[in-house]
Structures are given as C-alpha cells and as structure tokens.
Amino acid sequence: MTKKFIADWTVREIIRKNDAFLLRLVLEDENQAFPETLPGQFVQVLVKNSASTYLRRPISIHFVEPEKREIHLLIQITGEGTRQIAKTATGDKLNLICPLGNSFSLPERNDKSPKFFLLIGGGVGAAPLLYLGHRLRKIGYVPDFLLGAYSKENFFDNRPFETVGNLFLTTEDGSAGSKGYVTNHPVLETKTYDFIYTCGPRPMMQAVAQYARKKNIPCEISLENTMACGIGACLCCVEKTVYKGNVCVCTEGPVFNINELLWLI
Amino acid sequence: MADLAVNIGTLNFKNPVLTASGTFGYGVEYSDFIDLSRLGGIFVKGTTLNAREGNDYPRMAETSSGMLNAVGLQNKGVQYFISNIYPEIKNIDTNIMVNVSGSTIEDYCVCAEQINELEKIPAIELNISCPNVKQGGMAFGTSAKAAAEVVAAVRRTYNKTLIVKLSPNVTDITEIARAVEAEGADAVSLINTLMGMAIDIERRRPVLSTVTGGLSGACIKPVALRMVWQTARAVKIPVIGMGGISSWQDAVEFILAGATAIEIGTANFIDPTVSMKVIDGIDEYLDRKNIDSVRKLIGSID
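Residues numbered from 1 in each chain as written. Chains lettered and ligands numbered in written order. Predicted model: local features only at pLDDT ≥ 70, side-chain atom pairs only at ≥ 80, totals over all residues. Heavy atoms only, no water.

Let us now look at the sheet that holds strand E5 (residues 63–65) of chain A. What holds strands together in a sheet is hydrogen bonding between their backbones, with the strands either parallel or antiparallel. Residue and element names in this part refer to chain A. As summarised here, the arrangement of the seven strands in space is E4-E3-E7-E1-E2-E6-E5, forming an open sheet in which the pairing is antiparallel. Single-partner strands in this sheet number two, and they are strand E4 (57–60) and E5. The average angle at which neighbouring strand axes cross in this sheet is 35°, direction not considered. Here strand E3 (residues 42–45) pairs with strand E7 (residues 93–100) via three bridges, running antiparallel. From the neighbouring strand, Phe42 faces E7, where its bridge partner is Leu100. Against the sheet, helix H2 (residues 127–138) makes contact with E4, E5 and strand E6 (70–76), and its axis sits at roughly 50° relative to E5, the strand it touches most. (Pairing = 2+ DSSP bridges. Helix = DSSP H or I, 4+ residues; strand = E, 2+ residues; numbered from the N terminus. Axes fitted to C-alpha atoms, helices over the stretch in contact; angles between N-to-C directions. Contact = heavy atoms within 4.5 Å.)

Below, the structure is given as structure tokens:
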C-alpha cells in the first residue's frame, strides 16, 4: 500500500459554479514522490481561518494527473469548513493528508471478456467516479456514466465524463436528460450491466443498491460518514457490516460492496 | 540538547511526550507519518476483558476548537490484543502502555492480570473515567470510594507501573487523586474528556447516538491545565497531564503546572506529526532557557 503522507499542495486553479468548486492542486515539493492513487480514495484537507472548524475535511479524489503532479478535488459547499476551503485562490497552499482509504475494485487487466460498467452518481457526489471511469478506460473498458441532479444547473461540468465514457443524465425537474431519478433511467432497462459503482446522496445510493440487488448485479458504493482522523485511529466514522461488526469507513472503506453492509435494502 | 528523560515510579521515559489512548490506535496507524520510537510512550486504545462493539453511529460531533465523541470503548477484547496486536507492536522502541477499562471490578482485575504477563508492556493506565459506557467506566471515577476500591483491587493483581486516568466530571478531582494514591497508584493521568452535548437544530435531535459524549481538543485546555495544577499540589505521585495539548507551548504549560509527562490526544487527528513537533519544541525551549533537564521544569512556576 502507498505510504500516507502529509504535505502542502499549491492551488493551480479553482473553478466555482453555484455552491460547488473544483480545485486543481499540484504537489510542488520534488522531494515528495507523487503518490500512487487509487480510484475511490480520499484526502483530508486542513481548514484554516475558521473558529468553528477544528477537524480536517475528508474529500474524495475527483481526478489525478501524475505527469503534472496534480490531484483534482470537486467539492460541494455544505458548511463552514468547505466554505473556507472555497475561499482559497490560485497560488495558495492547502495541507493534505493522502492517499487515504481503500478503492473501487477494478477488473484484472488481462480479463478480456467484454464487461459493461455503470457508474451512477448524484450531484457533486459523482466526483470520484470520473477517476474510476478513467482507470476503467485505461484498461480497455468504456464505462457508462449515469448522473442525476435536481436540475440542469446542478451538474458541475459534464464534459470530463463525456471524454471518458458514455454519459446519461437524469434531472428531477426534467431540464436535462431523462426526467426523474437515476433509478428510473431507461438505460437500466435496455442494457445489461456486469458491475455498478455508485456515489452520491445516501437515499440515491440505497435506491441503486436495491436495484442492483434485485437484478443480481455486483455493486460497490462509497460512503461519507463523518470522520475525525481519517486514518483508523479514532473509530468515529464506523459503519455496521455483516461479518466484521463496526468498521472504520476511513480505512476499511470508503468503498464497500453492498453485500458487506447492513443497510435496510 | 537538554536531558528530556523523566520517570514515573520506576519506569523511565526518554521524553515526557506520550500519546493519549483512543486517539492513537495501536501506534502503527501513525507509522507512515512519524518515527514512533521517538515518542516517550504510547497509550494504546482502551482495552476491556471482552470485545465491545461500541456505540452506534453517529459517534462524533465537531465543536468550536474541539470535538465530542461517543465511541464507547470499541475494541476486540484483551485476548485478541494479546494474540494479534501485541506481537505487532511489542518491538517498537518506546513504552507501550495499555489503557484498561471495565464494567466491574473483576473485569478490571482479570484484564490487568493478563496484561501483567506481557513482557513489553511496562504499565497500564486504568481508565475509570470513560463517559461513554453505560456501566462502569466513569462511575468508578466519580466517587472517591469507588475509585479507591477498583485501584486497590487491581493493585493486588498488577505489579508493574499503575497509572490511573481521572475524570474531570467531578466536584473535586484532587479528592479522587488522593484516594487512588492511597491505594497504591504510581501516577495519575488527567483529564479524560468533559461530558458535553450537541443538538442538530434542523432535525431537532441530539447529534450523538448516545445524546451526550466526551469533549476533547484545544477548547478544554484551560480546564485541564487548572486541574493538573490543583492535582500536582495535592498528591506526591507523578501527574501526567493532558487535555487539548496541541503545541509545544501547551506542553510546557502543563509541565510548569506540575505534570511530569504529557499526553497528546485529539491534536493527533489534525496533525499526525504534532508529537514530534512538541518534543523538538520542548527541547529548544529548554536550550533557550539554559535549563539542562526537563525534570527541573516540572511544577516550576512562581
């Protein structure tokens, strides 16, 4: 496993849209090897200048460009901590602990049987699916993305997803793609998938997990339980599992196969 | 380069910087970030006789300059520790100490007795101050009589260094400290977390599954410092100070207040390397003040 490390990263670019923002961070310190990063892993961001924010914020990795020494984070402003992070400007430093957590499981590179992968995301929660799709593409699979949002405006930027795979959209108000929830999209009826990955709001992931279980399709989800340390020391972010009781989402997750969890599905 | 070594009873520590139980796992969680052998010591996760699943999620609520937790002593029990964890950590070149908790006096005794057999565990920290378990825990630490009983019983079965971790959720912490000193404790460590609470106003319900939890982090430092100062004046045994220590300056304050050693807890979550910075900072402070040993700093306020 790649060694975890703590370092300052420089903001190369910040792009804002509504209450979300994309950070392109570069690891400038040449003495620090650029980490091997797996899809589904996350970083812990130190928040400065906020009296009410004491702990780091766990943020999933949206994309990685090792040749540029860049990690991209796509973040929804949900409270004071993320609001402070959103105030950073190009050239500022952000202190990260990374890479953290397990990863989405990828098929073996030499497995040549055709496989169809569906990556279902809700809102900005879709963030880690871009890097997952990219890694699937690199080993020869073209993934399908099914992204849902309340309205057209709530998608951050769908172009990177279109570059990596096929893109299907749903919106609750019908302003883009198919009207309704991701689990109502017609592609679920017309195509047969071998594997589903999902990340987004918990009710959406539960609906996806229910669908996957009904269709007997293997499914992995990424959880975002409230965390303190992010490295398995404090035991605050636990999730109940079938075989191992309470486990830390930060180290045993954030990615779980739905069969591991005691969700009401 | 000052002399940083301190003693608790007959046990020698290479420096006074220890890591607090429940914030440092079994040490190995931090091995990517720091050289564990540089620490004065590590208190590993609270261990009980039988495995405990802990409390339901949510177990944590962030506060201004701190956090509430209600983990509830999740651990796999002392036998699992002895068979699976101890072999992995016993050769770390520092004092590895086990925080022991229980629901009954007998639980504490049996657990301590089993750890007594472990060659590379030179001390236990008896946790009579956990606010997050229904039975035992803090109940033993909030009455001088109950605290004295459990310490007396463990003292009969445990013959290495016995440290007793005290609760701040009492009227007079010095009374409890004196009671456990009288029963043979080699040191007291304080403070454990302060009982607190948080409410989610949108959902109109408590944030923590257990309603109340233990407050830790920078916000509790002044309270902890005051209690360490009071206790150091009330007992003859060494005091290990903790509560919100986040920098070397904080650590020096606790030592000046009378602590022989200090524990770093919640600050490890924000900066996993903070303990190293505290060691270096104390060293540089002593050099700057021309003090040749940290022992001369203990309790040295006018």
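Taken as a whole, this structure holds 23 salt bridges over all chains when the rule is applied. Taking the shortest distance from any N to any O, the salt bridge between Asp3 of chain B and Arg295 of chain B comes out at 3.0 Å. Linking Asp3 of chain B in the segment before strand E1 (6–8) with Arg295 of chain B in the segment after helix H9 (274–288), this pair joins segments that are 292 residues apart in sequence. Here Asp3 of chain B falls in the partly exposed class, since its relative accessible area comes to 31%. Looking at Arg295 of chain B, the relative accessible area reads 40%, which means it is partly exposed. Here Asp200 of chain B and Arg203 of chain B are joined by a salt bridge, their closest N and O atoms 3.8 Å apart. You can call Asp200 of chain B partly exposed: its relative accessible area is 21%. It is possible to trace a salt-bridge network through shared partners that takes in Arg12, Glu13, Arg24 and Glu70 of chain A. (Salt bridge = Lys/Arg side-chain N within 4 Å of Asp/Glu carboxyl O. Buried < 20%, exposed > 50% of the residue type's maximum accessible area, 1.4 Å probe, protein only.)

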